[in-house]
Amino acid sequence: MTEVSDREPPRRRVPGPARPSRPASAQRRPGPGARPARRPAAPRPPAPRAIRLGSPRPRLRMVGLALTLVMAAFVVRLLQVQAVDAGTYAAKADRNRYVGQVLAAERGEITDRSGVALASSEDAYDITADPTMFNRENLKIDDGPEQAAALLAPILGQEQSTIVAKLRPENTRSQYALLAVRQTPEVWKQIKDLRSALAAKSRSDGTTVNVLAGLFAVPSSKRVYPNGDLAASVLGWVNAAGRGGGGIEQQLNSVLAGKDGKIRYAQSGGLQVPTAGSTETPAVPGSDIELTIDRDIQWAAQNAITEQVEASKADRGYVVVQDTRTGEILAMANSPGFDPNDLTTADPGALGNAALQDAYEPGSTAKIMSMAAVLEENVATPLTHVVVPNRLHRGDRLFKDDIDHATWNLTLNGVLAKSSNIGTILATGELGKTQAEANRVLYSYLRKFGIGSYSGLDFPGETKGILAAPDKWSTSQQYTIPFGQGVSLNALQAASVYSTIANGGVRIEPTLVRGTQGPDGRFTPAAAPKKTRVVSAKTAKTLAQMLESVVDDQEGTGAKARIPGYRVAGKTGTANRVDPATGKYKGYTSSFAGFAPADKPRVTVYCAIQNATQGSYFGGQICGPIFKQVMEFALKTLQIPPTGAKAANLPVTFSP
């Protein structure tokens, strides 16, 4: 091989003519020691085509963008729910999940003076519902309220349409509907068992709908009066709203009612969720009220007046029994009465307390006030002679007594014993130098006795009566008021007059409540009643002796009120009665008032009957026996012994 200088350019190789290929046999074989010829290389297979992958970055960008948008949407929604509209959604959740209910306070008892229950409360339930749980969204049916009402109507004793109207969601926006109040535990158990049966059936067949799932029961109480109509006019009743509707129940409602509590809890499917927690403000029970009423004496008074009103076919009647030393009312009975356990059967005219609400002209029982004025003003004594003619002309009227008689020669004591209207006019005429002055003096005593004023009980509907100022008395009134016509009072005022005389001339405001016992068991006595001296003790004692003549003397009008072994002071009354419907005189008010023992008084009894239409209408004849019956029972119940002292036996007449 020729070496080529690095400096010389390489020569271009020119290919020569192609050589013919040699046969394989002509090829040179290697000799001994020669290197084997290099076998020609096998042809290489063609190289596979390389696949070039696309760049992943665009796809990752798209996926990342999509995830970012999704996450952004979640973040925006989360901000809306938890920040912007958090309050709205929380309130909606509470409405759908949480239920608030009132926990009714237990109403206090009303007892008599010995602690015997006259009004109490027993367990009951208010049946409520959530109207939103009766819609199609929850029940998957359109007539859920109708189906529920069909099941509830016979149990609650209501019309189906009434229940449907309360359960229809479109009729109310509230989740609370009151279906029935103060139902017995038996009623709620019947509803609860029916609801459970529907729930079990709906789980077993999958087709039955529990249309009662939205019902609830709120613990409450039902007012009961264990003695029926006994003292109903005093006790009153509790209305559908749970408030006192009359009597002591109304007057002292705030004391008896206590303070309701509240509870708020989570619910699902009509059941409380125990793990969700609840908030509760406990109810505060009401206080118990202890009355001055004695249950047994009340029963005796109520039984006696009821029988006589029925026998006389009278409009009504009342009996008041009072402790003369304390002013406490031991009984206040009315006839006709009512049963506060079931007002649906009550006569509307019998509701209330007529012994406090009726204002009427008392008649001769009011003469005791005229005699008190005459004695206290020292214008006469029980022995003063009073000549009583058959007729007396005064003003524009001609006055007479209840019977025609020849001229009577009576003592002042006899005027009261024989209940002479004419004699009373003559005696009171001596109270002043002129009739106008006498009127003013008499008026002042009537006011001291409590006429024309409220008794101090603050009882609902009580009347203070009618007593005009003396300068307003008509020509006839200035002569009729002394014997109890032209002036009006109620039964308690009339009883209080006699208790004042029995108490030595000191008037004690009547009381009906002895005290209250709070939820803590502490007893708080009622405030001491107001005391007012009306007449002197001497005058009161003299009047008591004069009243004995009415009962004990053969010429007295109150013989039927006599009680063996006891000295009785009393007075009859028979007055013309104003008919409330027409405002005109029609019929009579018959009455009897008195106390015993006359020499050491303990009990006052007053009885009045309005418009007796069968048999006698004279007070001594129909009210005297009631006085006797009730007084005897009271004296025995209170274990009051006879005093044994002899009566004064003041003379009734005198010899001219």
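What counts and how
- Residues numbered from 1 in each chain as written.
- Predicted model: local features only at pLDDT ≥ 70, side-chain atom pairs only at ≥ 80, totals over all residues.
- Heavy atoms only, no water.
- 1 Å grid on protein atoms, 1.4 Å probe; cavity = no way out; pocket = protein on both sides within 12 Å on 5 of 7 lines; lining within 4 Å.
- Points joined across faces, edges and corners; volume = space filled by probe spheres on them.
- Nonpolar A, V, L, I, M, F, W, Y, C, P; charged D, E, K, R; others polar.
- Salt bridge = Lys/Arg side-chain N within 4 Å of Asp/Glu carboxyl O.
- Buried < 20%, exposed > 50% of the residue type's maximum accessible area, 1.4 Å probe, protein only.
- Helix = DSSP H or I, 4+ residues; strand = E, 2+ residues; numbered from the N terminus.
- Phe/Tyr/Trp six-rings, centres within 6.5 Å; stacked < 30°, edge-to-face > 60°.
- Lys NZ or Arg CZ within 6 Å of the ring centre and 35° of its normal.
- Pairing = 2+ DSSP bridges.
- Axes fitted to C-alpha atoms, helices over the stretch in contact; angles between N-to-C directions.
- Contact = heavy atoms within 4.5 Å.

**Notes on empty space enclosed by the protein**
According to the stated counting rule, one finds 5 cavities of 30 Å³ or more in the structure shown. Volume-wise, the largest cavity comes out at about 60 Å³. Residue lining of the largest cavity: Asp229, Ala231, Ala232, Ser233, Gln302, Asn334, Pro336, Gly337, Phe338, Ala350 and Gly352, and that is the complete set. Looking at the lining of the largest cavity, its residues break down into 5 nonpolar, 5 polar and 1 charged.

**Structural notes on the pattern of salt bridges**
This structure, assessed with the given rule, holds 14 salt bridges. Notably, a salt bridge pairs Arg295 with Asp296, separated by 3.6 Å at the nearest N-O pair. Arg295 sits in the partly exposed class, given a relative accessible area of 31%. Judged by its relative accessible area of 36%, Asp296 falls in the partly exposed class. The closest approach of N and O atoms between Arg567 and Asp599, which form a salt bridge, is 3.5 Å. In this pair, Arg567 sits in the loop between α18 (537-552) and β22 (569-578) while Asp599 sits in the loop between β23 (585-596) and β24 (603-610), placing the two residues 32 residues apart along the sequence.

**Points about the packing of aromatic side chains**
Per the counting criterion, the structure on display carries 10 aromatic pairs. Taking the centre distance of 4.0 Å and the plane angle of 5 degrees together, the rings of Tyr588 and Tyr617 count as stacked. Here Tyr588 is found in strand β23, whereas its partner Tyr617 is found in the loop between β24 and α19 (619-622), with 29 residues between them in sequence. Tyr588 gets classed as partly exposed once you look at its relative accessible area, which sits at 29%. One aromatic cluster is present, formed by Phe399, Tyr479 and Phe483 through successive ring pairs. One residue, Lys418, lies across the ring of Trp408, its end atom 4.6 Å from the ring centre. We note Lys448 situated over the ring of Tyr445; from NZ or CZ to the ring centre the distance is 4.8 Å.

**Considerations on the sheet that holds β22**
The antiparallel open sheet is built from 5 strands, whose spatial order is β13-β12-β24-β23-β22. Every other strand in the sheet has two partners, leaving β13 (329-335) and β22 as the edge strands with one partner each. Ignoring which end each strand starts from, the neighbouring axes of this sheet average 10 degrees apart. As judged from the 8 bridges shared by β23 and β24, these two strands associate in the antiparallel manner. Counterpart to Ser590 in the pairing with β24 is Ile609. On the sheet, α18 packs against β22 and β23 and is oriented at approximately 75 degrees with respect to β22. Sheet strands touched by helix α20 (residues 624-637): β12 (316-323), β23 and β24. Its angle to β23, the strand with the most contacts, is close to 30 degrees.

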